Amino acid sequence: MAYSDKVIDHYENPRNVGVLDAEDKNVGTGMVGAPACGDVMRLQIKVNDDGVIEDAKFKTYGCGSAIASSSLLTEWVKGKTLDEAQQIKNTELAEELALPPVKVHCSVLAEDAIKAAVEDIKSKQG
Amino acid sequence: MQLPIYLDYSATTPCDPRVAEKMAECLTLEGNFGNPASRSHTFGWKADEEIDKARQYVADLVNANPKEIVWTSGATESDNLAIKGAAHFYKTRGNHLITCKTEHKAVLDSMRQLEREGFEVTYLDPEANGLIDIEKIKAAIRPETTLISIMHVNNEIGVIQDIAAIGELARANKIIFHVDAAQSAGKVDIDLSTLKVDLMSFSAHKIYGPKGIGALYVRRKPRIRIEAQMHGGGHERGMRSGTLATHQIVGMGEAFRIAKAEMHEDNARIVKLRDRLYDGVKDMEEVYLNGDLEQRVSGNMNISFNFVEGESLIMALKDLAVSSGSACTSSSLEPSYVLRAIGRNDELAHSSIRFTFGRYSTMEEVEFVISVMHEKVKKLRDLSPLWDMFKAGIDLDSVQWAAH
Ligand SMILES: Cc1ncc(COP(=O)(O)O)c(C=O)c1O
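Described in the following lines is the structure provided in the data block. (Residues numbered from 1 in each chain as written. Chains lettered and ligands numbered in written order. Predicted model: local features only at pLDDT ≥ 70, side-chain atom pairs only at ≥ 80, totals over all residues. Heavy atoms only, no water.)

**A short note on the nonpolar core**
Within soluble globular proteins, side chains that are nonpolar generally end up buried alongside one another.
Moving on, step 1. In this structure, Ile45 and Val77 of chain A together with Leu277, Phe305, Leu320, Phe355 and Met373 of chain B are the most contacted members of the largest nonpolar core, which totals 64 residues.
Moving on, step 2. With 8 residues, the single largest contributor to this core is helix α5 (residues 104-125) of chain A.
Moving on, step 3. When near neighbours in sequence (up to four residues on either side) are disregarded, Val77 of chain A contacts Ile45, Ile53, Ala56, Ala85, Ile88 and Ile114 of chain A.
Moving on, step 4. Membership of the second largest hydrophobic core comes to 50 residues, among which are Leu124, Val179, Leu192 and Phe202 of chain B. (Core = buried A, V, L, I, M, F, W, Y, C linked by side-chain atoms within 4.5 Å. Buried < 20%, exposed > 50% of the residue type's maximum accessible area, 1.4 Å probe, protein only. Helix = DSSP H or I, 4+ residues; strand = E, 2+ residues; numbered from the N terminus. Contact = heavy atoms within 4.5 Å.)

Set out below in structure tokens:
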């Protein structure tokens, strides 16, 4: 499997790896995927009082493309509002990382993760 | 030390330079290029002489008669010829065949083909250590069973089956016994004068010979018959037609000759490398050895590193040429069926790495492998949400995963 330089860069130097306090009402957590399928992503975002995402962290169990998709996603969501973040499309991630067709599902998973994280914050904040 | 390090000797081996040299002598006008079937001139006779020598070397390694060796294109063809050939020849006796779920695809897919033709096949489950309980074979035998096919050494997990005992059972029940020995010849002692094995498959490229050449042992006493799968000029006593590939056969012969002379020495060295690797990683958390440690071929170590995903691990191990049981590295998108058959869950199957050592492996390489494994597994676990959950004491089996 030949990877694009961008996938390799994110895989070797993943951005924003870590954990935020899931109990914080300004933090939303999205956990998607399943171990049996070979990938699990946990994406966390933190919003400030203006509803803008000021921090994002992830951890991913999965192939290089899954790690790169989630790493790139954390870079993209920072500074966006929740509504803007929800608009991120998997095709944009796949294009930026030049994912081959068999790896497009990794970017789908990343899109699911940000949607789930935003839902989590919205449900917490009512 | 050169990078990447080759640790995939079960996939294939480089030719021994002595083998390559012999092969090169059988190609050009100045060399031994004749058709061994040409009876009317010296070019043919000379080639035929070399074929005879090679046949003798192959027979010698496994203590067989050279007349019992049939050349094929490799173990895949040998498995097909043995299984389909015997099942068809003896079909008036019965239509039931027995094999195991951890066999090579060349065996399993030959069986599937026979099922489509109306044969019935029992696929036995191995025990958790990869070995087959002989009582299970006994229980599977029916009056109409004609063939048992069980491999000697498994290509993924390296376990050695008790083919002596299975052979006794088969012979007592007048059932033909086929053994795929692609991974054992030249690594484990094989004595066909005492083993009750009727058909045995060999490949050259697993023991420092060339790819594209193999052999099938077909017992003469008691005489075993098979139906040819390849029809033509009647070569190999009608069992496998096609002009003999002198250079390939000479290469295989030389590889088998060297194996007989050097296998014990090679094994003693290689087993130390394997054991050093195991000692170097077994104290890491959550590592699982796949397959029995004792009944195991010298050069194989198959280990699952829990909570890291196989393909990302392979990517991290770019300096190591290893193979993985992960779905992502196979074309089928299924995790290793061998690991699933010994009861490993999907996660462990996904996170498995097969290290296989051989004639040119060194202790310096093994020490490097150990340090790389520690470093990279730690890096990926620091990235893994599953590792966090495990460390927090969460039972991953109790989690409701949002499957996709
Ligand atoms: C156990 C076993 N059987 C059969 C084969 C096929 O051998 P060949 O590549 O010679 O067809 C292999 C190797 O891939 C093997 O490991």
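**Notes on the pairing of strand β2 (residues 69-72) of chain B**
All names here are of chain B.
Moving on, step 1. Burial of β2 is two-sided: the residues Ile69 and Trp71 facing one way and the residues Val70 and Thr72 facing the other way are all buried.
Moving on, step 2. Where β2 and strand β8 (residues 214-218) come together, 4 bridges link them in antiparallel fashion. Paired with Ile69 across the bridge in β8 is Tyr217. (Pairing = 2+ DSSP bridges.)

**Digging into the site of the ligand**
Residues and elements named next belong to chain B.
Moving on, step 1. In the vicinity of the ligand lie 13 residues, with Thr76, Asp180, Gln183, Ser203 and Lys206 positioned nearest.
Moving on, step 2. One nitrogen or oxygen atom from the main chain of Ala75 is found 2.9 Å from an oxygen atom belonging to the ligand.
Moving on, step 3. A distance of 2.8 Å separates an oxygen atom of the ligand from a polar atom in the side chain of His205.
Moving on, step 4. Coverage of the ligand by the protein amounts to 85% of the 390 Å² it exposes when considered alone.
Moving on, step 5. Per-element tally for the shell around the ligand: the top contributor is helix α3 (residues 75-89), with 3 residues.
Moving on, step 6. Partitioned by chemical class, the residues of the shell around the ligand number 3 nonpolar, 7 polar and 3 charged. (Near = heavy atom within 4 Å. Polar contact = N/O pair within 3.5 Å; in protein donor to acceptor, adjacent residues only side chain to side chain. Areas by Shrake-Rupley, 256 points an atom, 1.4 Å probe, with all protein chains shown as cover. Nonpolar A, V, L, I, M, F, W, Y, C, P; charged D, E, K, R; others polar.)

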